[in-house]
Amino acid sequence: MRKHRRQIVSVGVLLAAAAVVLAADAGRQQRQGEPFTTAIAKVKEGLFVIPGYDGAATGGNVAVRVTSEGAIIVDDKLPTLYKDIVDKVKSVTPLPIKYVLNTHQHGDHTGSNAEFLKTAEILMHRNARSNMIKQNLPGPGRIVYRDQKSVFIGDVEVQMRYMGRGHTDGDSVIYFQDLRTIHTGDLVVWGKRSQGTTLTPLMDYAAGNGSGKEWVATLDNILKLDFDVAIPGHGPLLTKAEVRAFRDKMQTLNQRMADLIRSGGGKQDIAGRLKLDDLDWPFPDGGLNGLFDELSKR
Ligand SMILES: [Zn+2]
């Protein structure tokens, strides 16, 4: 999608620098132009990622937090990848997966829930659970929260934070505060799908009550967290600067759509008049109709 921009690291902050180098190592194998791998990769000490690049073949990124009392994973891809996830977690810890934290309800992030529910506890935002129930998706979480929730296990705290609407109305940001790392779910996506097409942010108005308009403020809330590595819903590990770049693109998209509407443009003008090439977000035909409708409301 774009060339890797190396983060400039201030010399004084050795710990932070070491963390960034580690993240860059894990991220490098997923960058555009190199083969897509779904091998489990170390993000930081005690934290791994099982990469995911798309909704269909590889699912979303799974984070794996290893503790002395068991593993916590974030999201669980597709039903077909349940065994693959379990095997890959086994390669980094002999202990069982105790908790699954879902970033949102979509099937490429909750696909193995039905299997994991037999042996693990599943947590998600209250709205994500409601969305699953409405759509009859298998394996809704048994534990929900509204603003913030923590899981404490093996001297590790993993936080779930609700930061506002965006991709859906039930997106959780998972905060590994001690490691200064977050998993954003699909509030941030980056790069290409494994079949080669470029990922664009999806505003799920129909099944998720998402909001392109509120998404910018939600990203501002995320940027207030103290982190130097972000695991997006799909794509390579990102720096905080890259999350900020994603936020700025989302704001630009909103501004341009608002300008189009203000100038009397209709949905039929989106394809011809809405500038998108510099954002490198090739939305499918009709993919921005929901944002048009949302921003047209007075
Ligand atoms: Zn999604």
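Residues numbered from 1 in each chain as written. Predicted model: local features only at pLDDT ≥ 70, side-chain atom pairs only at ≥ 80, totals over all residues. Heavy atoms only, no water.

**Student:** What should I look at first to understand the pattern of salt bridges in this one?
**Tutor:** Scanning all chains against the criterion turns up 17 salt bridges. A salt bridge links Asp293 to Lys267, with the nearest nitrogen and oxygen atoms 3.0 Å apart. One end of the pair, Asp293, is in helix H10 (residues 289-296); the other, Lys267, is in the loop between helix H8 (240-262) and helix H9 (270-273), and 26 residues separate them in sequence. For Asp293, a relative accessible area of 35% translates into the label partly exposed. Residue classification places Lys267 among the partly exposed positions, given a relative accessible area of 35%. Linking Asp269 and Arg273 is a salt bridge whose minimum nitrogen-to-oxygen distance equals 3.7 Å. Look at Asp269 and you get buried, because its relative accessible area is 19%. It is possible to trace a salt-bridge network through shared partners that takes in Lys44, Arg180, Asp226 and Asp228. (Salt bridge = Lys/Arg side-chain N within 4 Å of Asp/Glu carboxyl O. Helix = DSSP H or I, 4+ residues; strand = E, 2+ residues; numbered from the N terminus. Buried < 20%, exposed > 50% of the residue type's maximum accessible area, 1.4 Å probe, protein only.)

**Student:** What should I look at first to understand H8 in this one?
**Tutor:** An α-helix turns once every 3.6 residues. As a result, residues three or four positions apart point the same way. Here H8 contains 23 residues, and its C-alpha end-to-end distance of 33 Å stays within 8% of the 33 Å for a straight helix at 1.5 Å per residue. Buried residues of H8: Lys240, Glu242, Val243, Phe246, Arg247, Lys249, Met250, Leu253, Asn254, Met257 and Leu260, and no others. Where H8 is buried, its residues meet strand E11 (181-189), helix H7 (212-223), strand E12 (229-234), H9 and H10. Remark: Gly264 follows H8 within two positions and exhibits a positive phi of approximately 90°. (Expected span 1.5 Å × (residues − 1). Contact = heavy atoms within 4.5 Å.)

**Student:** It is not clear to me how the nonpolar core should be interpreted in this structure. Could you clarify?
**Tutor:** Soluble globular proteins: nonpolar side chains tend toward being buried together. With 35 residues, the main nonpolar core has Phe246, Met250, Leu253, Met257 and Leu288 as its most contacted residues. Looking at this core, the elements with two or more residues in it are strand E10 (172-176), E11, H7, H8 and H10. With six residues, H8 is the largest single contributor of residues to this core. Those residues in contact with Phe246 that lie beyond four places of it in its chain are Leu187, Val188, Val189, Trp190, Pro201, Trp215, Leu219 and Trp281. Judged by nonpolar contacts, the second largest core, of 21 residues, contains Leu47, Val74, Val158 and Ile231. (Core = buried A, V, L, I, M, F, W, Y, C linked by side-chain atoms within 4.5 Å.)

**Student:** How do you make sense of the packing of H7 against H8 when you look at a structure like this?
**Tutor:** Between two packed helices, what matters for the description is the angle formed by their axes and the separation of those axes. Relative to each other, H7 and H8 sit at 160°, their axes nearing to 9 Å. Relative to H8, the element H7 lies roughly antiparallel. As H7 runs across H8, the sense of the crossing is left-handed. For the pair H7 and H8, the contacting residues are Gly212, Lys213, Trp215, Val216, Leu219, Asp220 and Leu223 in the first and Lys240, Val243, Arg244, Phe246, Arg247, Met250, Gln251 and Asn254 in the second. Across the contact of H7 with H8, the residue classes break down as seven nonpolar, three polar and five charged. (Axes fitted to C-alpha atoms, helices over the stretch in contact; angles between N-to-C directions. Parallel < 35°, antiparallel > 145°, perpendicular 65-115°, else oblique. Left-handed = near helix turned anticlockwise from the far one by under 90°. Nonpolar A, V, L, I, M, F, W, Y, C, P; charged D, E, K, R; others polar.)

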